[in-house]
Amino acid sequence: ATLRRGREGAARRRTAWLGAMVRARALQYHVAGWEDCKYFKRALKHARFVADALASSNDPIQLEVRPEALASRDEYFAWLDTHRKTIKAPAKHKTSPAVWTDSEWIGGLEALVAAIERDTDGRIWESGKLPRNRGRAIVGVVMLVVSIALALGLILSDAPPASRLAVALPVTIGVMTPGQLVVGC
């Protein structure tokens, strides 16, 4: 019985070690853009934030960021045209940043955020700015509260019932539509 438990323990340790080796991986993202581009700066900031967070937590996933910062917008686009085939960038990509790994084309800033989330087992990383989805939710809730307040004000007013309803619906739509346009941006 002791011998069997010893073998089982060794097998469990080997399995745990192999599992850690499978999970441990080094990710490398190349990020190119011109130095004054705000999206290039955000992409670098986000990738470096995740790399630092992974390194400081002794996570088995490690991330390395390789920036390619060019001095001007014109210099970046000339660089992009020259390296498009090498980095596997599609002809339709005409923005900064350009993000890729050694094996695949990623895209721009939003694609980088999605790729990092995918490659770190679905973890969502917030690098300081209000996340887009939470910002959308806040704007949506504010617009809903404003439209309800306006509609209630009209309904509770002294106006005749038919005109209250006739005005409340367009006001609600008039408030919600710009709110949804802001949320959709």
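The rules behind these values
Residues numbered from 1 in each chain as written. Predicted model: local features only at pLDDT ≥ 70, side-chain atom pairs only at ≥ 80, totals over all residues. Heavy atoms only, no water. pLDDT = per-residue confidence, 0-100. Helix = DSSP H or I, 4+ residues; strand = E, 2+ residues; numbered from the N terminus. Contact = heavy atoms within 4.5 Å. Buried < 20%, exposed > 50% of the residue type's maximum accessible area, 1.4 Å probe, protein only. Arc of directions from axis to C-beta. Axes fitted to C-alpha atoms, helices over the stretch in contact; angles between N-to-C directions. Parallel < 35°, antiparallel > 145°, perpendicular 65-115°, else oblique. Nonpolar A, V, L, I, M, F, W, Y, C, P; charged D, E, K, R; others polar. Phe/Tyr/Trp six-rings, centres within 6.5 Å; stacked < 30°, edge-to-face > 60°.

(A) Summary view of the confidence of the model for the chain. Averaged over all residues, the pLDDT of the chain is 79; the fraction at 70 or higher stands at 74%. The lowest-confidence element of the chain is helix 1 (residues 2–23), averaging 49 in pLDDT; the highest-confidence one is strand 3 (residues 98–100), averaging 97. Low pLDDT, under 50, characterises residues 14–22; the predicted model gives this stretch 0 contacts beyond four residues in sequence or across chains.

(B) Examining helix 4 (residues 109–119) more closely. Along helix 4, the residues classified as buried are Leu109, Leu112, Ala115, Ile116 and Asp119. Relative to the axis of helix 4, the buried residues are bounded by an arc of 120 degrees and lie together on one face. Tucked into the core, helix 4 has its buried residues touching strand 1 (25–34), helix 2 (38–56), strand 2 (61–70), strand 3 and strand 4 (105–107). Backbone geometry just after helix 4 places Asp121 at a positive phi near 60 degrees.

(C) Geometry of the packing of helix 2 against helix 4. Packing of helix 2 against helix 4 leaves a shortest axis separation of 9 Å and a crossing angle of 10 degrees. Judged by the angle between their axes, helix 2 and helix 4 are roughly parallel. For the pair formed by helix 2 and helix 4, the contact residues are Tyr39, Arg42, Ala43, His46, Ala47 and Val50 on the first element and Leu109, Leu112, Val113 and Ile116 on the second. In terms of residue class, the contact of helix 2 with helix 4 is built from 8 nonpolar, 1 polar and 1 charged.

(D) Quick look at the packing of aromatic side chains. Evaluation of the coordinates by the stated rule reveals 5 aromatic pairs. Residues Trp34 and Phe77 carry aromatic rings whose centres are separated by 5.9 Å and whose planes lie at 50 degrees to one another, so their mutual orientation is tilted. Pair noted here: Trp34 is in strand 1 and Phe77 is in helix 3 (residues 73–87), with a separation of 43 residues, a long-range link. With respect to burial, Trp34 and Phe77 carry one shared label: buried. Here a set of aromatic residues connected by ring pairs shows up, and it is made of Trp34, Tyr76, Phe77, Trp79 and Trp100.

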